[in-house]
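Report on the structure
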Amino acid sequence: MTDTQFTPRVFSGIQPSGGLTLGNYLGAMKRFVDMQDEGSYQTIYCMVDLHAITAKLQDPATLRHNTRELAAGFIAAGVDPQKSILINQSQVPEHAQLAWIFNCVARMGWMGRMTQWKDKAGKNAETASLGLFAYPALMAADILIYHATHVPVGEDQKQHLELTRDIAAKFNHDYGVDFFPLTEPVIEGAATRVMSLRDGSKKMSKSDPSDASRINLTDDADTIAKKIRKAKTDPDALPSEIEGLKDRPEARNLVNIYAALNDQTVEQVLAEVGGQQFGTFKPLLADLAVAKMSPISTRMAELMADTAEIDRILANGATQAREITAPILRKTYDIVGMVG
Ligand code: AMP
Ligand code: TRP
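The shown structure was predicted, so the numbers you read here are calculated from the model rather than taken from an experiment.

Brief notes about the domain arrangement of the protein
One can read the domain layout of the protein as domain 1 (9-192 + 306-336) and domain 2 (211-301). Computed from C-alpha coordinates alone, the two centres of domain 1 and domain 2 are separated by 30 Å. Residue-level contacts link 14 residues of domain 1 with 16 residues of domain 2. For the domain 1 and domain 2 pair, buried surface summed over both sides reaches about 1,300 Å², with 76% attributable to carbon and sulfur atoms. Taken as a group, Leu22, Ala76 and Ala190 account for 39% of the area that domain 1 buries against domain 2, more than any other trio of residues on that side.

Some points on the layout of surface pockets
Its boundaries defined by the atoms lining it, the largest pocket holds a volume of some 1,300 Å³. If you go around the largest pocket, you meet 46 residues; those closest to its centre are Gln15, Asn24, Asp156, Gln157 and Lys203. Per-element accounting of the lining of the largest pocket gives the leading share, five residues, to helix 1 (residues 22-38). Its residues placed into classes, the lining of the largest pocket shows 16 nonpolar, 19 polar and 11 charged.

Looking at helix 1
Since one α-helical turn is 3.6 residues long, residues separated by three or four positions face the same way. Along helix 1, the largest kink reaches about 30° and is centred on methionine 29. Where helix 1 begins, one side-chain oxygen reaches toward the backbone nitrogen of glycine 23, 3.0 Å away; that side chain belongs to threonine 21. Immediately beyond the C-terminal end of helix 1, within one or two residues, lies glycine 39, with a positive phi of roughly 85°.

Some details on the site of ligand 2
The immediate surroundings of ligand 2 are formed by 13 residues, with Gln15, Tyr135, Met139, Asp142 and Gln157 found nearest. One of the side-chain N or O atoms of aspartate 142 is found 2.7 Å from a nitrogen atom in ligand 2. Considering ligand 2 on its own, with 370 Å² of exposed area, one finds that the protein chains cover 90% of that surface. When atom positions are compared with the pocket grids, ligand 2 is found to occupy the largest pocket.

With respect to the environment of serine 297
Here serine 297 is to be found in helix 12 (residues 278-304). On the basis of relative accessibility, which here comes to 12%, the residue serine 297 falls in the buried class. For the pair serine 297 and alanine 221, spaced 76 residues apart in the sequence, the C-alpha separation amounts to 9.2 Å. When near neighbours in sequence (up to four residues on either side) are disregarded, serine 297 contacts Leu217, Thr218 and Asp219.

Calculation criteria
Residues numbered from 1 in each chain as written. Chains lettered and ligands numbered in written order. Predicted model: local features only at pLDDT ≥ 70, side-chain atom pairs only at ≥ 80, totals over all residues. Heavy atoms only, no water. Domains from an automatic or database assignment. Contact = heavy atoms within 4.5 Å. Buried area = accessible area lost by both parts, 1.4 Å probe. 1 Å grid on protein atoms, 1.4 Å probe; cavity = no way out; pocket = protein on both sides within 12 Å on 5 of 7 lines; lining within 4 Å. Points joined across faces, edges and corners; volume = space filled by probe spheres on them. Helix = DSSP H or I, 4+ residues; strand = E, 2+ residues; numbered from the N terminus. Nonpolar A, V, L, I, M, F, W, Y, C, P; charged D, E, K, R; others polar. Bend = angle between axes of the 7 residues up to and from the residue. Polar contact = N/O pair within 3.5 Å; in protein donor to acceptor, adjacent residues only side chain to side chain. Near = heavy atom within 4 Å. Areas by Shrake-Rupley, 256 points an atom, 1.4 Å probe, with all protein chains shown as cover. Sits in = over half its atoms within 2 Å of the grid points. Buried < 20%, exposed > 50% of the residue type's maximum accessible area, 1.4 Å probe, protein only.

Structure, rendered in structure tokens:
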């Protein structure tokens, strides 16, 4: 444990790997905005372009486009560059510099146990990139180069955050310091795991071959409504208690989405819609989703019409970020024994 009091600071990141879904919005971006607006934290949000090249070769022009589009998505979703620091990872070099130190702190065994590594490398570990294996050490560096205390993420990132704490604890222990905080994951809300609209047992994902399985942040109002009307459901009416959603993954998913979009708890939603058939509930959900999502896609398109402005915001974010990261890297180097 650390006794030091750290400034309450939130950090989170998303890969600019193209395509943003309702899952990214509800599981990540919307919560980033809520934490920004709550006012109890300094908030830093990041496009992790260095992570985006770990899994496969990215076409350079596409990567640049996706990074700017993700920045537009953050801003359209409500991340305000006046209130939060919005950055692109490679523009703040201290992330990669601290990651090197952490590559020397983390153990091969820890990395080998990461489920994301096992899923993504699978049986082809021999041909996977070294960067994919080291991915969680870079992620730990993203967080700890700010001494971030809280990290909002979806359920799937929990293991990486536990590893971040392990790295911080081992560094502190090895060097006899109380320098890095043990960051808290923030995995809360009705939609930490938004599921596919076609299969309630699979996560909604930009990589699902079926476009009908997800709502994209770039979908227009008609497309959003159509996808919700066609979402897989079961024949029963909605229950009025949470227990009634057990073993009904599709129904649970749609109720979770409704609750998250409308800033309600699942209990509140069921109190209102319990007893309804999907024929009644789906149009309500479609209207809600259109009302909340289509302004975001419109704003994103407007922002993408002026990428020079996005680049200015990112350059400015990098300058602000480096005021925090440069001293923390320098102090880390001092602790480790680098002359400078
Ligand atoms: P990714 O697009 O996988 O880089 O994810 C970026 C962020 O969105 C992470 O915090 C994920 O946990 C979150 N996220 C992605 N897909 C979903 C989903 N289907 N449900 C909830 N959160 C998600
Ligand atoms: N690994 C995260 C994902 O795929 C993205 C990420 C990179 C991240 N660095 C981070 C998330 C730091 C939170 C904090 O979703």
